[in-house]
Amino acid sequence: MTALDDLRAAVGRAAASLGAQPKAPPTLERPRQAGHGDYATNAAMLLAGALKAPPREIAERLATAMAAELGDALDRAEVAGPGFLNLFLTDAWHGRALAGVLAAGEDYGAGRPEKPERVLVEFVSANPTGPLTAASGRHAAYGDALRRLLRFAGHSVDGEYYFNDAGSQVRKLGLSIQARARGDEPPEDGYQGDYVAELAAEIPEAATAEVEVVTRRGVELVFARIRATLAAYRVEFESFFSEAALYEGEPDAVHRAYARLEEQGRLYRSDGALWLRTTELGDDKDRVLERATGAATYFASDIAYHEHKLERGYDLLIDVLGADHHGYIGRMKVAMAALGADPARLEIPILQFVHVVEGGERASMSKRRGEFITLDDLIAEIGVDAARWFMLARSHDSAVDLDLDLARRQSAENPVYYVQYAHARIASIRRRTQVEPAVEEATALHPSERALVKALLEFPVEAADAAERRAPHRISAYALELAQVFTAFYRDCQIVGEPEEAGRLALAVAAQRTLARSLDLLGITAPEEM
RNA sequence: GCGCCCGUAGCUCAGUGGAUAGAGCGCUCGCCUCCGGAGCGAGAGGUCGCAGGUUCGAAUCCUGCCGGGCGCGCCA
């Protein structure tokens, strides 16, 4: 329980004491206007209907009840506007609130769900046919941050990378490598990038060996590069899952999935193909699993893969996909239902595209033609921290433009450095003081100190919201705000050598920990010095 | 035709029912005897795409339209 939770509970009790239930949970928010108090609640307006009285009059009664609830924590409560109750809290309340933050220690803001869930986050999952692109950088940053957020919320989370290593795409890579090795142009629908020639040079006998051999070797080499890129980007996976593995063993995962679907009575044969009766579950047409040729469709692989995930005991499956896959959401939800699982156990957040911009215009970004900015390029140009911030500072719902020139020019002004700088500055202050941080409740506080306490109190709510909404970008917005509020405090309140040193140091330490945690949730470093 | 996402300051974007809509960058002016100037303060800059609706209250919810991005295979 933070001081904010206590305050919220007090509002609830005060509202209940007036003899009616609010028509919605009352809000408790930090007003934008300085004159509107530390927190404001709309409880009176929500009670007006049930109590059949003007909101402002109810707010007056609520103010009296709040005074009784809060005692010396409340300086005064003012009725304002259409019926808001603005709460002005004392320095003692702020001091106790800060003490609570410090007492929580490194875990401040962490969630403790009654029933932690086992979650599998599948992300990146780029096919091993070329280097990771800047767009993969968005997926890697998002999936990794999501995993960190869910863990911080108290869940058990694994990250997995799924790749198609059996289909025609990897075969095209093999053919392209072989063509290069022979000095020919790659096939028209093959891969054209310079890396294909590099791969050809790294594979002895690439010109003469069987294409299967060249393909297998090419995939290994590409995967080695992908892993190296991910390691440089500080993204690790608990597992890599190969599509080919779904067709190994007896019975293989695909046939286990068929058996499961058969149990559910969802399969039938028609025109020589094996069909899944998805129309019964709301789809507009039934879907083929096995073609008349006997070859399984991708949909069959995907179903088998998800059945395999369920078999592994995960409560929640999260697939992070690109905007071009949004049509997949409905199909896979239907597939979950067909497997007899609750479709709500599968979530598919969609990341909008990263557009590469050159000279103010959107450039094409084709992996086949070799026209793309690689994630390695991006890291080399602006560094991992700035790249991850760039990818995570925006909602996953909005497309981002990546202009490498602009990114390079702006990287020095990237807000991530402002946040890191605030952290480093606190580290520096701590190196300069001999005093132990200690909250002194009786001390009068500067408005900037009170503002910083309130900013710190927002963190657990922000972290929980960001996890629930699968929205890491909220953490970057929060981190920037916290850094700004800290910097204002730093400007207004000398720490080292002042009588208030211990108390102000306590505030700085709480800010440092929270900044470090926020950056950690984004996979960004929190330097001691810069 | 159907579906998903977006439209907020010059630019890039936050803001999923509260009061006078914010940040970063850019622009103008001011500030380095003071714990780290990667900074601080002040200012200019907005029909929140348009039109209706719900509500005490709408950038936010609902409907329709306009504009942009992306999808709707026995492709992968």
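Just above sits the structure.
As a starting point, this report considers the structure included with it. (Residues numbered from 1 in each chain as written. Chains lettered and ligands numbered in written order. Predicted model: local features only at pLDDT ≥ 70, side-chain atom pairs only at ≥ 80, totals over all residues. Heavy atoms only, no water.)

1. A short note on the overall build of chain A
Along its length, chain A carries 18 helices and 17 strands. Reported as C-alpha extents along the three principal axes, the dimensions of chain A are approximately 85 × 55 × 40 Å. For chain A, the residues scored as buried account for 52% of the 530 residues in total. Long-range contacts, defined as pairs at least 24 residues apart, comprise 72% of the intrachain contacts of chain A with a sequence gap of at least 6. Summed over its atoms, the accessible surface of chain A is roughly 23700 Å², and 48% of this surface lies on carbon and sulfur atoms. Put simply, chain A has 60 plus and 81 minus side-chain charges, and the middle of one group is 2 Å from the middle of the other. (Helix = DSSP H or I, 4+ residues; strand = E, 2+ residues; numbered from the N terminus. Buried < 20%, exposed > 50% of the residue type's maximum accessible area, 1.4 Å probe, protein only. Contact = heavy atoms within 4.5 Å. Areas by Shrake-Rupley, 256 points an atom, 1.4 Å probe, with all protein chains shown as cover. Lys, Arg positive; Asp, Glu negative; His and termini not counted. Charge placed at Lys NZ, Arg CZ, Asp CG, Glu CD.)

2. Re the pairing of strand 5 (residues 118–122)
With respect to burial, strand 5 is a largely interior element, four of its five residues being buried. Bridge count for strand 5 against strand 6 (residues 156–163) is five bridges, and the pairing is parallel. Residue Val 119 lies in a different strand from strand 6, and its bridge partner there is Val 157. Handedness of the crossover is the feature at issue here: the chain leaves strand 5, passes through helix 5 (residues 134–152), returns alongside strand 6, and the resulting connection is right-handed. Where strand 5 and strand 11 (residues 316–319) come together, four bridges link them in parallel fashion. Counterpart to Val 121 in the pairing with strand 11 is Ile 318. (Pairing = 2+ DSSP bridges. Right-handed = clockwise from strand over helix to strand, strands pointing away.)

3. Quick word on the layout of surface pockets
The rolling of a water-molecule-sized probe over the atoms marks out the regions of remaining empty space. In this structure, the second largest pocket encloses a volume near 620 Å³. In terms of lining residues, the second largest pocket is bounded by 32 residues, among which Gly 109, Ala 110, Gly 111, Pro 460 and Ala 464 are the most central. Mapped onto the lining of the second largest pocket, the elements with two or more residues apiece are helix 1 (3–16), helix 4 (91–104), helix 5 and helix 16 (447–468). Tallying contributions element by element places helix 16 first for the lining of the second largest pocket, with eight residues. In terms of residue class, the lining of the second largest pocket is built from 20 nonpolar, five polar and seven charged. (1 Å grid on protein atoms, 1.4 Å probe; cavity = no way out; pocket = protein on both sides within 12 Å on 5 of 7 lines; lining within 4 Å. Points joined across faces, edges and corners; volume = space filled by probe spheres on them. Nonpolar A, V, L, I, M, F, W, Y, C, P; charged D, E, K, R; others polar.)

4. Re helix 2 (residues 43–51)
Along an α-helix, a turn takes 3.6 residues, which lines up residues three or four apart on a common side. Listed in full, the buried residues belonging to helix 2 are Ala 43, Ala 44, Leu 46, Leu 47, Ala 48 and Leu 51. In the core, the buried residues of helix 2 are packed alongside helix 1, strand 2 (39–41) and helix 3 (55–70). Lys 52 lies just past helix 2 and shows a positive phi near 50°.

5. A look at the nonpolar core
The tendency in soluble globular proteins is for nonpolar side chains to be buried as a group. In this structure, Tyr 161, Tyr 233 and Leu 457 are the most contacted members of the largest nonpolar core, which totals 134 residues. The element contributing the most residues to this core is helix 18 (residues 501–521), with ten residues. Filtering out sequence-adjacent residues up to four positions away, Tyr 233 remains in contact with Gly 137, Ala 140, Ala 141, Leu 375, Ile 379, Val 384, Ala 387, Arg 388 and Met 391. One finds Leu 120, Leu 246, Met 332 and Ala 341 within the second-largest nonpolar core, a separate group that totals 33 residues. (Core = buried A, V, L, I, M, F, W, Y, C linked by side-chain atoms within 4.5 Å.)

6. Quick look at empty space enclosed by the protein
Applying the stated rule across the entire model yields three cavities of 30 Å³ or more. Reported here for the largest cavity is a volume of approximately 140 Å³. For the lining of the largest cavity, the element with the highest residue contribution is helix 4, accounting for four residues. Looking at the lining of the largest cavity, its residues break down into five nonpolar, four polar and five charged.

7. Focus on the sheet that holds strand 10 (residues 287–290)
Ordered by their spatial adjacency, three strands build an open sheet running 8-9-10, and the pairing between neighbours is antiparallel. At either end of the open sheet lies a strand with only one pairing partner, and these are strand 8 (267–270) and strand 10. Across the sheet, the mean angle separating the axes of adjacent strands is 45° when strand polarity is ignored. Bridge analysis of strand 8 against strand 9 (residues 273–276) gives four bridges, and the strand direction is antiparallel. In the sheet register, Leu 267 faces strand 9, and the bridge partner there is Leu 276. (Axes fitted to C-alpha atoms, helices over the stretch in contact; angles between N-to-C directions.)

8. Notes on the pattern of salt bridges
Tallied over the full model, the rule gives 42 salt bridges. Where Arg 217 meets Glu 220, a salt bridge forms, and the shortest distance between an N and an O atom there is 2.7 Å. Of this pair, Arg 217 and Glu 220 both sit in helix 8 (residues 211–232), three residues apart, which is roughly one turn of that helix. With a relative accessible area of 42%, Glu 220 lands in the partly exposed category. One connected set of salt bridges, linked through shared partners, spans Asp 144, Arg 147, Arg 148, Arg 151, Glu 238, Arg 388, Arg 517 and Asp 520. (Salt bridge = Lys/Arg side-chain N within 4 Å of Asp/Glu carboxyl O.)

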